[in-house]
Amino acid sequence: MSLRVQINLVLTLIICLMAAALIWQQVSGARTSVNEEMETASRVATQVLSRVNEVYQDEGPEAMSKFLERLGRVRANDIVLYDEQGRELYRSPDSTYKAGQQAPAWFASLIAPVPQSRDFELSRGRLVVSSEASRAVLDGWDEFKRLVLTIGIGFILLTALSWWLVGRVTRPLKQISQALAEVERGGFETRLPSFPGAEANALGAAFNRMVVGVQESISAREETARTAAELANHREMSEVYRQRVERESSELARELHDELGQHVTAIKSMGVSIARRVDEGDPAISQAARLIVESADRIHLAVRGMLNRLRPVSLDQFGLGDALTDLVSDLRLQFPDKNFVLRIGPEMERVDPAVATAAFRVAQESITNALRHANATAIDVNLRRLESTLVLQVEDNGQGMDEQMLASGGFGLAGMRERVASAGGRLELGRSRQGGVLVRARLPLPAPDAEPQAAAG
């Protein structure tokens, strides 16, 4: 049921109650009027007949009958004259007022008083005066009909007027309801016009603001979804690129190790052989041979450093633990004045290749940052398992990085975050116990029966 119908039903009920009150007031007024008329008429008739009875007391009922015939009908009273034998000598004639008309019995029962009669004793007869309210009741009935007709016409007019007014007042609500239905179907471009009336206009303005807000929110969500999709695509492409670079680095490292390493070893062997065969009396050739051997050692160290930066061969052949051990060993040779501590838990040779690659790169980047940018003199590397998680922690005692640098992702931090995230892990940055930087990577390990993943960049 619509609000318009509900309001009209309420107004109709109110009009009906007012009409009922007017009708009841009319009935009560008619009852009071009839009672007063009957009482007045009865008092007048009683006084007149009492006086006439005194006059005609000695002349008998015949004289009274003649007087009554000349008197005619007394309103609201029936008069009957009896002789001393009880025979009826006279009865009031029927009223000519609205002759032939009668009020309905139900209406008469509502307003007519209880009939009353009074006897007057004559010398040779008896006079009976009875109240008769039919004409007074008929007058009340006519007035009642006029009132009911007026109320009926007024009811129709008021109902029609209220229906029109309520429809006019609730028209904005209908428009708002239709606009809400349009929004529910996705029509967020729907707008409401200005309405007459402060409340309706405020509702329309609030609706327009709501739709604009919803539209902007949906646009923002769509833009966020597009950005997230682009970011996911970017990460996916970055991951593919990283994997490709890692594969190429691995192939290049293998070629350097297999080809260049053998040649450098051969050159060193030849230098050593020349130095042994040369006569001590030829210092120039002996010096050249020593230079060849030293150059071969430097090339070997350079190649080994390049291999570690590209992809250490030991990472594929022996696992993460040995790769970190080789990395720290080389660093100790390069930086003998630095203190490197390496702690490796058990079963590191069975780490998933993708996880191992991510952990090694994080350790490599963290150590490089500590040496190059933090001026650290002590670096602690800790690798362990915690149930199904691999935890790599690198601490240094350097000068650290400020909050802005940590938040911006400088010094390769953004790359480390992406690398760890691609492996499904989480990178944590903070301040170490020595006052430097703490880098902690938590990487999930696949189930033991899961197939090893390809190396990821």
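You'll find the structure just up there.
No experiment lies behind these values; they were computed from the predicted model shown.

Student: So, unusual backbone geometry: which residues are in play, and what are the values?
Tutor: Positive phi outside glycine occurs at Asn375, with the angle close to 55°. Along the chain, Asn375 falls in the loop between helix H9 (353-372) and strand S6 (378-386).

Student: With reference to specific residues and values, describe the sheet that holds strand S9 (residues 437-444).
Tutor: Ordered in space as S5-S6-S7-S9-S8, the five strands form an open sheet in which the pairing is mixed. Strands with a single pairing partner mark the edges of an open sheet, and in this sheet they are strand S5 (339-344) and strand S8 (426-431). The mean angle between the axes of side-by-side strands here comes to 10°, regardless of whether they run parallel or antiparallel. Looking at chain direction, strand S7 (residues 389-396) and S9 are connected through seven bridges and run antiparallel. Looking at S9, one finds that Leu390 is bridged to Leu443.

Student: Kindly report on the nonpolar core, identifying the contributing residues and their values.
Tutor: Formed by 36 residues in total, the largest nonpolar core has its most connected members in Leu320, Val362, Ile367, Ile379, Leu390 and Leu392. For this core, the elements supplying multiple residues, two or more each, are helix H8 (320-334), H9, S6, S7, helix H11 (413-422) and S9. Per element, the largest residue contribution to this core is ten residues, and it comes from H9. Excluding residues that lie within four positions of it along the chain, Leu392 makes contacts with Ala359, Val362, Ala363, Val381, Asn382, Leu383, Val439, Arg440 and Ala441.

Student: Residue-level account of the pattern of salt bridges, with values.
Tutor: Side-chain pairs of opposite charge can arise where the charged atoms are in close proximity. Under the definition given, this model contains ten salt bridges. Arg126 is the partner of Asp119 in a salt bridge, and the nearest nitrogen-oxygen pair spans 3.7 Å. Several salt bridges converge on common partners, so that one network encompasses Arg426, Glu428, Arg440 and Arg442.

Student: Tell me about a nonpolar patch on the surface, and please be specific about residues and values.
Tutor: A cluster of nonpolar side chains, namely Ile267, Met270, Ile274, Ile285 and Ile292, defines an oily patch on the protein surface of about 410 Å² accessible area. Counting residues per element, the ones that place at least two in the nonpolar patch are helix H5 (198-277) and helix H6 (283-310). For the nonpolar patch, the element with the highest residue contribution is H5, accounting for three residues. Along the chain, Ile267 turns up in helix H5. Residue Ile267 is classed as partly exposed on the basis of its relative accessible area, which comes to 39%.

Student: Give me the packing of H8 against H9: which residues, what numbers.
Tutor: Remark: H8 packs on H9, axes separated minimally by 10 Å, with the N-to-C direction vectors making an angle of 20°. Put simply, H8 runs roughly parallel to H9. Crossing handedness for the pair H8 and H9: right-handed. Residues Leu320, Ala323, Leu324, Leu327 and Leu331 of H8 form the contact with H9, whose own contacting residues are Ala356, Ala359, Phe360, Ala363, Gln364, Ile367 and Leu371.

Student: Would you mind going over a positive patch on the surface in detail, with residue names and values included?
Tutor: Positive charge collects at one region of the surface, where Arg4, Arg168, Arg171 and Lys174 lie side by side. With three residues, helix H4 (residues 134-184) is the largest single contributor of residues to the positive patch. For Arg4, the location among the structural elements is in helix H1 (residues 3-55).

Student: Residues and numbers for H11, please.
Tutor: All buried positions along H11 are accounted for by Leu413, Met416, Arg419 and Val420. All buried residues of H11 project into a common sector of 125° when viewed along the axis, lining one side. Following H11 by one or two positions, Gly424 has its phi on the positive side, about 80°.

Rules used in this analysis
- Residues numbered from 1 in each chain as written.
- Predicted model: local features only at pLDDT ≥ 70, side-chain atom pairs only at ≥ 80, totals over all residues.
- Heavy atoms only, no water.
- Helix = DSSP H or I, 4+ residues; strand = E, 2+ residues; numbered from the N terminus.
- Pairing = 2+ DSSP bridges.
- Axes fitted to C-alpha atoms, helices over the stretch in contact; angles between N-to-C directions.
- Core = buried A, V, L, I, M, F, W, Y, C linked by side-chain atoms within 4.5 Å.
- Buried < 20%, exposed > 50% of the residue type's maximum accessible area, 1.4 Å probe, protein only.
- Contact = heavy atoms within 4.5 Å.
- Salt bridge = Lys/Arg side-chain N within 4 Å of Asp/Glu carboxyl O.
- Patch = residues over 30% accessible without salt bridge, like charges linked within 9 Å, V, L, I, M, F, W, Y side chains within 5 Å.
- Areas by Shrake-Rupley, 256 points an atom, 1.4 Å probe, with all protein chains shown as cover.
- Parallel < 35°, antiparallel > 145°, perpendicular 65-115°, else oblique.
- Left-handed = near helix turned anticlockwise from the far one by under 90°.
- Lys, Arg positive; Asp, Glu negative; His and termini not counted.
- Charge placed at Lys NZ, Arg CZ, Asp CG, Glu CD.
- Arc of directions from axis to C-beta.

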